[in-house]
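# Fold and geometry: a report
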Amino acid sequence: LMMATMDMNPEAVKILLEHKADPNMMDRGGNTALSYIPNAIRELTHHNADEISAGISTLKEMITLIMSSGFDIKARNKGGKTIIEQMLASWDYYKT
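I will try to describe carefully the structure that is included in this document. Model, not experiment: these values are computed from the prediction. (Residues numbered from 1 in each chain as written. Predicted model: local features only at pLDDT ≥ 70, side-chain atom pairs only at ≥ 80, totals over all residues. Heavy atoms only, no water.)

## Describing a nonpolar patch on the surface
Together, Met 67, Ile 73, Ile 84 and Leu 88 make up an exposed nonpolar region whose accessible area comes to about 340 Å². Here Leu 88 falls in the exposed class, since its relative accessible area comes to 51%. (Patch = residues over 30% accessible without salt bridge, like charges linked within 9 Å, V, L, I, M, F, W, Y side chains within 5 Å. Areas by Shrake-Rupley, 256 points an atom, 1.4 Å probe, with all protein chains shown as cover. Salt bridge = Lys/Arg side-chain N within 4 Å of Asp/Glu carboxyl O. Buried < 20%, exposed > 50% of the residue type's maximum accessible area, 1.4 Å probe, protein only.)

What follows is the structure, encoded as structure tokens:
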């Protein structure tokens, strides 16, 4: 699920979730598939407007799929941050 998210592949995300992939599974750092969304956003900034628009649509689809599959929004990574806090930290990174 994490790899499908990193690859921005909503079809793979959907199939994995349909086959009971755990949206709350964490890597060694305690990060979930949604934790990789900021990296995908960072990659989009290197593309043209049409590609960015398509990428945002893809990200929205993946986030919706994962969130609607029982994702625990209150879960914390090993750094003690929720997914919201992780995304806000990424947003602060982009502003500087």
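## Regarding unusual backbone geometry
Positioned with a positive phi, Met 8 is a non-glycine residue whose angle comes to about 55°. As for its position among the elements, Met 8 is in the loop between helix H1 (2–6) and helix H2 (10–18). (Helix = DSSP H or I, 4+ residues; strand = E, 2+ residues; numbered from the N terminus.)

## Observations regarding the packing of H2 against helix H4 (residues 49–67)
It is at 9 Å that the axes of H2 and H4 come closest, and there the two elements cross at 10°. Here H2 lies roughly parallel to H4, going by the angle between them. Along its contact with H2, which presents Pro 10, Glu 11, Val 13, Lys 14 and Leu 17, the element H4 presents Thr 58, Glu 61, Met 62, Leu 65 and Ile 66. Split by residue class, the contact of H2 with H4 holds six nonpolar, one polar and three charged. (Axes fitted to C-alpha atoms, helices over the stretch in contact; angles between N-to-C directions. Parallel < 35°, antiparallel > 145°, perpendicular 65-115°, else oblique. Contact = heavy atoms within 4.5 Å. Nonpolar A, V, L, I, M, F, W, Y, C, P; charged D, E, K, R; others polar.)

## Considerations on the nonpolar core
Nonpolar side chains in soluble globular proteins tend to be buried together. Counting 16 residues, the largest nonpolar core has Val 13, Leu 34, Leu 59 and Ile 66 as its most contacted members. Counting residues per element, the ones that place at least two in this core are H1, H2, helix H3 (37–44) and H4. For this core, the element with the highest residue contribution is H4, accounting for four residues. Those residues in contact with Leu 59, other than ones at most four positions away along the chain, are Met 8, Ile 37, Ala 40, Ile 41 and Leu 44. (Core = buried A, V, L, I, M, F, W, Y, C linked by side-chain atoms within 4.5 Å.)

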